[in-house]
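The residues making up each chain are set out below.
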Amino acid sequence: MWSLRRLFLLVIVALVAEPTFCYDSYQPEQIHLSFGDNVSEVIVTWSTFDATPDSIVEYGIGEMNMTATGKSTLFVDGGKSKHSQYIHRVRLPNLRPKQRYVYHCGSSLGWSLELWFNTVPQGDDWSPVLAIFGDMGNENAQSLVRLQEEAQRNMYDAIIHVGDFAYDMNSQNSLVGDAFMNQIQSLAGYVPYMVCPGNHEEAYNFSNYRNRFSMPGDNEGLMYSFNMGPVHFISISTEFYYFLNYGFKQLVLQYEWLVADLQEANKIENRKIRPWIVVFGHRPMYCSNLNHKDCTHHETITRVGLPFLHAFGLEELFYTYGVDLEIWAHEHSYERLWPIYDYTVYNGSYEKPYVNPQAPVHIVTGSAGCKEGREPFVLTPPEWSAFHSQDYGYTRLKAYNTSHLYIEQISDDQNGAVIDKFWIVKEKHGDYPKRPYLGKRAYKSPKQEL
């Protein structure tokens, strides 16, 4: 038994002793950038594992002589351990165009290393370059090293990650999500990292996705749009169609939001200066992989709408509003399609299929890496599949001007070689020819076994 005198002395020592802090708990990590309400605005997002008195970014051109403050929110993972962290968001508004900004983030209890980013040119008359991929993961993230180097060499104005991030962010009580966000910091800390949710983000109603990323708009990043040069980009959640256990309302809200966004983008004054409309979402409408669930046996409900009702289908909507390019992932491969609508090819011409195409162009780019391996293809490709590859890699997109869009596929297996490239050329954007939509059945290959 301890004496009262000894207990009293211990209390006195505790009261007068210098407080000790675990500075690692206040140290910023998982730093990443995104665009705000427009591309002249950047949001810096990071995490700490203890609350800090403030959320600060010090930044400037050449030297960090400006300060912006934001706020943090507590994110508690849904797993058994209730792993928690504070996610900080600071908005940097009214950035000067075509400048290199240096920055660091943190608080009075700890600062990050110094990072930097380049702002985009002013207005719409410039040529944005983006790297685009899905399905990377933090195990076997094969394309990441090349992307890190290219981002820090100023090759890209933005990155688009088309769903499926860490396999899975909620795994090990969200520690896998922490590891992934730290892994991409050397990419996403230098270039705005724009995202959409995939099926591997589904846990706890996409809570890791909703909390970790800071996308434009007020829909928790599940659906949003942004403008870059002559392009209007639209990000959607294909997962609303597959996880109806979280409610039907969000699917309806997205469809209504999409209609309104497409109507705004198609106003004459908007389509004149930003004629390209590019949509990206995780699960493809078309694919020719040897995947019995997604590609060869079942109808794609994002394409034709919910079973039996055929409501809220996206293919007819995108055709009606003249979407130019649709980018998907989910299949761990790359595939380029001929211009297609309702399982029918509508090339511009036999000699020049992508010059004035008569339907949207689709690509599937889900081959950045990930631990689940590559997706094989059916032995007999369908007539609408123009090119496919199982190589690990990613896509580059450059919108040269209002009439020319260039796309190439990079193979990391082949040391950065360009294995596919094509131009989409349009003298006129907007409505495609009026055609009845029949919702044709999915393609079935005559040879589905390897």
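Scroll up a little and you will see the structure.
Below or above, wherever it landed, is the structure these notes cover. Remember, predicted model here, so these are calculated numbers, not experimental data.

With that settled, consider helix H5 (residues 203-212). A large share of H5 lies buried, amounting to seven of its ten residues. Taken together, the buried positions of H5 are Ala203, Phe206, Ser207, Asn208, Tyr209, Arg210 and Arg212.

Looking now at the side chain of Ser47. As for its placement among the helices and strands, Ser47 is situated in strand E2 (residues 42-48). Take Ser47: its relative accessible area is 4%, and that puts it in the buried class. Within the local environment of Ser47, its side chain forms a polar contact with the side chain of Gln85, the two groups lying 2.7 Å apart. The contact partners of Ser47, leaving out residues within four places of it in the chain, are Gln27, Pro28, Glu29, Gln30, Gln85, Tyr86, Ile87 and His88.

Further remarks concern the packing of aromatic side chains. Under the definition given, this model contains 27 aromatic pairs. For the pair Phe206 and Tyr246, a centre-to-centre distance of 6.2 Å together with 65° between the ring planes defines the contact as edge-to-face. Remark: Tyr246 occurs in the loop between strand E14 (231-235) and helix H6 (249-265) and Phe206 occurs in helix H5; sequence separation between them is 40 residues. The exposure class of Phe206 is buried, given its relative accessible area of 1%. On the accessibility criterion, Tyr246 (25% relative accessible area) is partly exposed. Here Tyr224 and Phe226 contribute two aromatic rings whose centre-to-centre distance is 6.3 Å and whose plane-to-plane angle is 20°, an arrangement assigned as stacked.

Reading the values: the criteria
- Residue positions within a chain follow its written sequence, with the count starting from 1.
- The predicted origin of the model limits local features to residues at a pLDDT of at least 70 and limits the giving and counting of side-chain atom pairs to 80 or more, whereas totals for whole chains, interfaces and linings rest on all residues.
- Hydrogens and water molecules were not included; the side-chain quantities draw on all heavy atoms of the structure.
- In this scheme, a residue with accessible area under 20% of its type's maximum is buried, one over 50% is exposed, and one in between is partly exposed, where area comes from a 1.4 Å probe on protein chains only.
- In DSSP terms, a helix is any run of H or I states spanning at least four residues, a strand is any run of E spanning at least two, and both are numbered starting from the N terminus.
- Nitrogen and oxygen atoms within 3.5 Å of one another constitute a polar contact, given that in protein one can donate a hydrogen and the other can accept it, and given that sequence-neighbouring residues count only through two side-chain atoms.
- In what follows, a contact means two residues having at least one pair of non-hydrogen atoms within 4.5 Å.
- When the centres of two rings from Phe, Tyr and Trp lie within 6.5 Å, Trp using its six-membered ring, the rings pair. Their planes under 30 degrees apart give stacked, over 60 give edge-to-face, and anything left gives tilted.

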